[in-house]
Amino acid sequence: MKKMDIRRLAPADHRVLRDMNEVMVLNVIRENQPTSRIDIATVTGLEGSTVSRIVSRLLADGLVREEGLAEASPRGGRKKRFLLINPRKALALGVDLRPGGYGVALSDFTGRIIRSVDVPPAGDPREAAAAIARVVRRVLKYSGDGKVEGIGVGLIGLIEPGEGRMLAAEGLGWGDDVPFGAYLRKALGLELPIYFQNGAWLSALAEIWFGRHARSPRNLVFLDIEEGIGAGIIIRGQLYHGAYHGAGEFGHISLDPDGPPCSCNGRGCLEVYASDPATLRRYRQRGGEVDSIGELVARAMHGEPTAAEVLTETATYLGRGLIPVIYSVNPEVIVLGGAITRAWEVVHQAITAELSRRASHFYLNRLSLMPTTLSARPSLLGAVALVLARSFAVPVIGAMGDYE
Ligand SMILES: [Zn+2]
């Protein structure tokens, strides 16, 4: 990869750069372990002295451990000491709320899920909090001798993250202004710190924290296509909040001012055309019978013409909706999440075709568009990452923005 040029950055960026490097080194160790300082320098393009300094800090914090001695190199050079992540150093609990049900997962420091449980949806937020709390207590028993650092919770829609208040929870069938955080704290009755964030934002965070990218992206948009369309924005390594935690509502970019009405008070929003319910509706209108978006996607992948056609249309709308995102955010990576990304060939082709037809090639040539690189549910992994980032990367919190 290209070496970063510190001299070209403003002083304020030194801190960001150093901290992103720390995350990058941790990621490289996690993905290549056992590995060495020399290999880390090669992979990251960082100076050897920078790598040594970062590794010393990680060793002192116990996040990384050192093991064994390699054979001397053929040239008789210095012996290599191998570095490995110390995964049991820190465990984190992630909770993720979705209209279809809730997820609870216990993860080690590397994002490996130790135990994961699905919780069926509840009609009332207090019942939901109680059900989640019961599962959390059960799952915590699997932590063994590891230390659980906290609980990260992914909420949906507009939220007030400090208290975990959901300002519009109608997606979950709970109405407006739900103090879910308070219910959950009470139901849990644990000493552990609890952090809240919008689920789509957490997906973006998970891509930075656990994702498999050739190099750490500094400007990334995660577009989550589910019941609605949410997005998380990372700018210069920081989660972008906006003034009132309302940034990234790209689902309400209007594609047609005379289109069908949307819940946001607008018309013809991207979400009205490209969310999972919209895709399913179009398929059914053409006589297709299907129970879930997963089933529709599977049919498209097996070449069923109507399913493929409907999915192509959805992706074409997505392409159109991404144009203002590309122009306003200018990300280097756009990551898409959600069931439809499993049919990546179909989706990617249609988005790219639409973008090439309508957007500036200056931007397109410098943009990579990819499905999520995460194996588990991105927002659930993001809830885990929220805890680990808070607990273990204090400088990185400064770099990524406060998570509250
Ligand atoms: Zn809307």
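The structure presented is a predicted model; accordingly, all values stated were derived computationally and were not measured. (Residues numbered from 1 in each chain as written. Predicted model: local features only at pLDDT ≥ 70, side-chain atom pairs only at ≥ 80, totals over all residues.)

### A word on the overall build of the protein chain
Right, on to step 1. Each helix and strand counted, the protein chain has 14 helices and 15 strands in total.
Right, on to step 2. Scored against the burial criterion, the 404 residues of the protein chain give a buried share of 44%.
Right, on to step 3. For the protein chain, long-range pairs separated by at least 24 residues make up 62% of all intrachain contacts whose partners lie at least 6 apart in sequence. (Helix = DSSP H or I, 4+ residues; strand = E, 2+ residues; numbered from the N terminus. Buried ≥ 20, exposed ≤ 12 C-beta atoms within 10 Å, placed from the backbone. Contact = placed C-beta atoms within 7 Å.)

### With respect to helix α9 (residues 293-301)
Right, on to step 1. Every buried residue of α9 is listed here: Ile293, Leu296, Val297, Arg299 and Ala300. Looking straight down α9, one finds its buried side chains confined to an arc of 160 degrees; they lie on one side.
Right, on to step 2. Within two residues after α9, Gly303 carries a phi angle of roughly 85 degrees, on the positive side. (Arc of directions from axis to C-beta.)

### Here's the deal with the environment of Tyr273
Right, on to step 1. Mapped onto the secondary structure, Tyr273 falls in helix α7 (residues 270-274).
Right, on to step 2. Separated by 14 residues in sequence, Tyr273 and Gly259 place their C-alpha atoms 9.5 Å apart.

### Considering the sheet that holds strand β14 (residues 333-337)
Right, on to step 1. If you walk across this open sheet you meet the five strands as β13-β12-β11-β14-β15, and the pairing is mixed. Every interior strand has two partners, whereas the edge strands, β13 (238-239) and β15 (368-371), have only one.
Right, on to step 2. As judged from the four bridges shared by β14 and β15, these two strands associate in the parallel manner. Bridging across to β15, Val333 finds its partner in Ser368.
Right, on to step 3. Its contacts with the sheet put helix α6 (residues 199-210) on β11 (220-225), β12 (229-235), β13 and β14, and the angle it makes with β12 is roughly 45 degrees. (Pairing = 2+ DSSP bridges. Axes fitted to C-alpha atoms, helices over the stretch in contact; angles between N-to-C directions.)

### What to know about the sheet that holds strand β10 (residues 194-198)
Right, on to step 1. Strand order in this open sheet of five strands is β5-β4-β3-β6-β10, and the pairing throughout is mixed. Each edge of the open sheet carries a strand with a single partner, namely β5 (113-119) and β10. Adjacent strand axes in the sheet meet at a mean angle of 15 degrees, parallel and antiparallel pairs treated alike.
Right, on to step 2. Inspection of the sheet shows strand β4 (residues 101-107) paired to β5 by six bridges, in the antiparallel sense. Its bridge partner being in β5, Leu106 is matched across the sheet by Arg115.

### What to know about the confidence of the model for the protein chain
Right, on to step 1. Residues at a pLDDT of 70 or more form 89% of the protein chain, whose mean pLDDT is 87.
Right, on to step 2. Of all helices and strands in the protein chain, the one with the weakest mean pLDDT is helix α14 (residues 394-400) (37), whereas helix α10 (residues 305-329) scores best (98).
Right, on to step 3. Note that pLDDT drops below 50 for residues 394-404; the model gives that stretch 33 contacts with residues more than four away or on any other chain. (pLDDT = per-residue confidence, 0-100.)

### Section: the nonpolar core
Right, on to step 1. Leu205, Leu311 and Ala385 are the most contacted members of the largest nonpolar core, which totals 110 residues.
Right, on to step 2. For Leu205, the contacting residues outside a window of four places in its chain are Gly232, Leu239, Gly382, Ala385 and Leu386. (Core = buried A, V, L, I, M, F, W, Y, C linked by C-beta atoms within 7 Å.)

### A word on the environment of Gly266
Right, on to step 1. In this fold, Gly266 is placed in the loop between β13 and α7.
Right, on to step 2. Separated by 13 residues in the primary sequence, Gly266 and Ile253 have C-alpha atoms spaced 9.0 Å apart.
Right, on to step 3. If near-sequence neighbours (up to four positions away) are discounted, Gly266 is found in contact with His252 and Ser254.

### Observations regarding the pairing of strand β3 (residues 91-98)
Right, on to step 1. The element β3 is extensively covered by neighbouring structure, given that seven of its eight residues are classed as buried.
Right, on to step 2. Strand direction decides the pairing type here: β3 and strand β6 (residues 148-155), joined by five bridges, are parallel. Across the sheet, residue Gly94 finds its bridge partner in β6, namely Gly152.
Right, on to step 3. With seven bridges joining them, β3 and β4 adopt antiparallel strand pairing. From the neighbouring strand, Gly94 faces β4, where its bridge partner is Ala105.
Right, on to step 4. Between β3 and the antiparallel strand that follows it, β4, lie two residues.

### Quick word on the pairing of β12
Right, on to step 1. The buried fraction of β12 is high, at six of seven residues.
Right, on to step 2. Where β11 meets β12, six bridges bridge the pair, whose relative direction is antiparallel. Its bridge partner being in β12, Leu223 is matched across the sheet by Ala231.
Right, on to step 3. Of the strand pairs in this sheet, β12 and β13 are connected by two bridges, and their pairing is antiparallel. Bridge pairing links Ile235 to Gln238 in β13.

### A short note on the packing of helix α4 (residues 125-140) against helix α5 (residues 180-188)
Right, on to step 1. It is the contact of α4 with α5, at a shortest axis distance of 8 Å, that shows an interaxial angle of 40 degrees. With respect to α5, the element α4 is oriented oblique. Crossing handedness for the pair α4 and α5: right-handed. Contact residues: α4 offers Pro125, Arg126, Ala129, Ala130, Ile132, Ala133 and Val136, while α5 offers Phe180, Tyr183, Leu184, Ala187 and Leu188.
Right, on to step 2. For the contact of α4 with α5, the per-class residue count stands at 11 nonpolar, no polar and one charged. (Parallel < 35°, antiparallel > 145°, perpendicular 65-115°, else oblique. Left-handed = near helix turned anticlockwise from the far one by under 90°. Nonpolar A, V, L, I, M, F, W, Y, C, P; charged D, E, K, R; others polar.)

### Digging into unusual backbone geometry
Right, on to step 1. The step from Gln33 to Pro34 runs through a cis peptide bond, and the omega angle for that step is -5 degrees.
Right, on to step 2. Position of Pro34 relative to the elements: it lies in the loop between α1 (12-32) and α2 (37-44).
Right, on to step 3. For Asp177, which is not a glycine, the phi torsion comes out positive at approximately 50 degrees.
Right, on to step 4. Looking at the element boundaries, Asp177 is found in strand β9 (residues 176-178).
Right, on to step 5. Classification of Asp177 by C-beta neighbours within 10 Å gives exposed; the count is 12.
Right, on to step 6. With phi around 50 degrees, Asn330 is a residue other than glycine that occupies positive phi space.
Right, on to step 7. Structurally, Asn330 is set in the loop between α10 and β14.
Right, on to step 8. In this structure Asn330 comes out as partly exposed when scored by C-beta crowding, with 14 C-beta atoms within 10 Å.

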